[in-house]
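What follows is each chain in one-letter form.
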Amino acid sequence: MATRKIAVLVGSLRQESFTRKLAKSLMLAAPPTLELEIVDISGLPLYNQDDETDTPPATWTEFRGRIRDADGVLFCTPEYNRSLPAVLKNAIDVGSRPYGQAAWTGKPCAVVSNSPGALGGFGANHAVRQCLVFLNMPCMQSPEAYLGGVGSKFDGDTLTDEGLKTFLQQFMECFATWVERHAD
């Protein structure tokens with residue numbers, strides 16, 4: 001298998017967020033056929049079609065280019081009010097424009113959601129997936145990743161839950177196969 005570039009989007013702005021720690025743990029668990037890099041979405045201005053001119057904001061152009069250059073996308077999201085965080089929705093919207101030129105089109109992807117609560121971000125996971133259908137992104141269906149009780153799984157930045165480590169490794173192996181099957 002070829003090495004595939006994967007854009008990792010973290011749907012939380014907090015530097016010490018569990019979502020960011022989880023994304024980094026997923027990156028460590030990935031097989032060597034995946035080259036993962038977090039694409040920062042914190043500086044993206046809110047999408048406003050009035051700014052979609054011949055010279056859109058530079059951060060939009062850079063972001064869209066990074067997504068276009070990726071072979072796949074891994075969405076890592078917490079759950080906010082039974083849905084996805086605004087910063088992640090904004091990134092999805094920025095990458096989807098201008099209409100007919102979405103950077104996302106055809107990119108294989110997966111969604112990992114988490115929550116300190118028991119449901120593991122189920123609502124956020126499916127809110128992201130709903131967007132992906134419209135964007136024509138083949139999204140890995142199984143294994144699903146709704147990670148509950150995430151607050152007790154880390155000691156600082158270190159993932160301490162052995163069962164979760166094993167799951168993340170299996171998830172990333174499945175994702176590598178998914179990307180290889182659906183990329184290009």
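Below you will find a few notes about this structure. Because the structure is a prediction, the values reported are computed rather than measured.

**Overview of unusual backbone geometry**
Line of reasoning, step 1. Of note, the amide linkage connecting Arg-97 to Pro-98 takes the cis form, showing an omega dihedral of -5°.
Line of reasoning, step 2. Among the structural elements, Pro-98 can be located in the loop between α3 (86-95) and β4 (109-114).
Line of reasoning, step 3. For the peptide bond that leads from Ser-142 to Pro-143, omega is 5°, which places it in the cis range.
Line of reasoning, step 4. Tracing the chain through its elements places Pro-143 in the loop between α4 (122-134) and β5 (145-147).
Line of reasoning, step 5. Although it is not a glycine, Asn-81 adopts a positive phi angle of roughly 55°.
Line of reasoning, step 6. Note on placement: Asn-81 falls in the loop between β3 (72-78) and α3.

**Description of the environment of Thr-19**
Line of reasoning, step 1. Checked against the element boundaries, Thr-19 lands in helix α1 (residues 18-29).
Line of reasoning, step 2. Its relative accessible area of 2% is what places Thr-19 among the buried residues.
Line of reasoning, step 3. Between the alpha carbons of Thr-19 and Arg-4 there is a distance of 22 Å; along the sequence they are 15 residues apart.
Line of reasoning, step 4. A distance of 3.0 Å separates polar atoms of two side chains, one belonging to Thr-19 and the other to Asn-114.

**Focus on the pairing of strand β1 (residues 4-10)**
Line of reasoning, step 1. Counting buried positions along β1 yields 6 of 7 residues, so the element is predominantly enclosed.
Line of reasoning, step 2. In this sheet, strand β2 (residues 34-38) lies alongside β1 in parallel orientation, the contact comprising 5 bridges. Bridge assignment links Ile-6 to a residue of β2, and that residue is Leu-36.
Line of reasoning, step 3. Handedness of the β1-α1-β2 crossover: right-handed.
Line of reasoning, step 4. Direction of pairing for β1 relative to β3: parallel, over a ladder of 5 bridges. The residue of β3 that forms the bridge with Val-8 is Leu-74.

**Things to note about the pattern of salt bridges**
Line of reasoning, step 1. Per the counting criterion, the structure on display carries 9 salt bridges.
Line of reasoning, step 2. A salt bridge links Lys-89 to Asp-93, with the nearest nitrogen and oxygen atoms 2.6 Å apart. Residue Lys-89 and its partner Asp-93 are located together in helix α3, separated by 4 residues, close to a single helical turn.
Line of reasoning, step 3. Under the relative-accessibility criterion, Lys-89 is labelled partly exposed at 31%.
Line of reasoning, step 4. On the basis of relative accessible area, Asp-93 is assigned to the partly exposed category, the value being 24%.
Line of reasoning, step 5. Taken together, the salt bridges that share partners define one network made up of Arg-4, Asp-71 and Glu-180.

**Here's the deal with α4**
Line of reasoning, step 1. Its 13 residues give α4 an end-to-end C-alpha distance of 19 Å, which sits within 8% of 18 Å, the value for a rise of 1.5 Å per residue.
Line of reasoning, step 2. The complete set of buried residues in α4 reads Gly-123, Ala-124, Asn-125, Ala-127, Val-128, Arg-129, Cys-131 and Leu-132.
Line of reasoning, step 3. Where α4 is buried, its residues meet β3, α3, β4 and β5.
Line of reasoning, step 4. Directly beyond the C-terminal end of α4, a positive phi value near 60° is found at Asn-136.

**As for the nonpolar core**
For soluble globular proteins, nonpolar side chains are generally found buried alongside one another.
Line of reasoning, step 1. With 29 residues, the main nonpolar core has Leu-26, Leu-74, Phe-171, Met-172 and Phe-175 as its most contacted residues.
Line of reasoning, step 2. The set of elements that each furnish at least two residues to this core consists of β1, α1, β2, β3, β4, β5 and α5 (162-182).
Line of reasoning, step 3. For Phe-171, the residues in contact, after removing those within four places along its chain, are Leu-26, Leu-74, Ala-110, Val-111, Val-112, Met-140, Pro-143 and Ala-145.
Line of reasoning, step 4. By size, the runner-up hydrophobic cluster in this structure holds 28 residues, among which are Leu-44, Phe-63, Ile-67 and Leu-84.

How each quantity is defined
By convention here, each chain's residues receive numbers from 1 onward along its written sequence. At least 70 in pLDDT is required for a residue's local features to be given in this predicted model, at least 80 for side-chain atom pairs to be given and counted, and no such filter applies to totals for whole chains, interfaces and linings, which use all residues. Side-chain metrics in this entry use all non-hydrogen atoms of the structure; hydrogen atoms and water are not considered. Here a helix means four or more residues in a row that DSSP labels H or I, a strand means two or more in a row labelled E, and each is numbered from the N terminus. Summary of the burial criterion: residues with accessible area below 20% of their type's maximum are buried, those above 50% are exposed, and those between are partly exposed, where the area comes from a 1.4 Å probe applied to protein chains only. For this analysis, a polar contact is any N or O atom pair within 3.5 Å, provided that within protein one partner can donate a hydrogen and the other can accept it, and provided that sequence-adjacent residues contribute only side-chain to side-chain pairs. By this definition, two strands are paired if DSSP reports at least two bridges between them. By definition, the crossover connecting two strands over a helix is right-handed if that path, from the first strand to the second, turns clockwise as seen with the strands pointing away from the viewer. Salt bridge, as used here, is a side-chain nitrogen of Lys or Arg placed within 4 Å of a carboxyl oxygen of Asp or Glu. By this rule, a helix spans an expected 1.5 Å times one less than how many residues it contains. Contacts between residues were defined by any pair of non-hydrogen atoms, one from each residue, lying within 4.5 Å. To qualify as a nonpolar core, a set must consist of buried Ala, Val, Leu, Ile, Met, Phe, Trp, Tyr and Cys residues joined through side-chain atoms within 4.5 Å.

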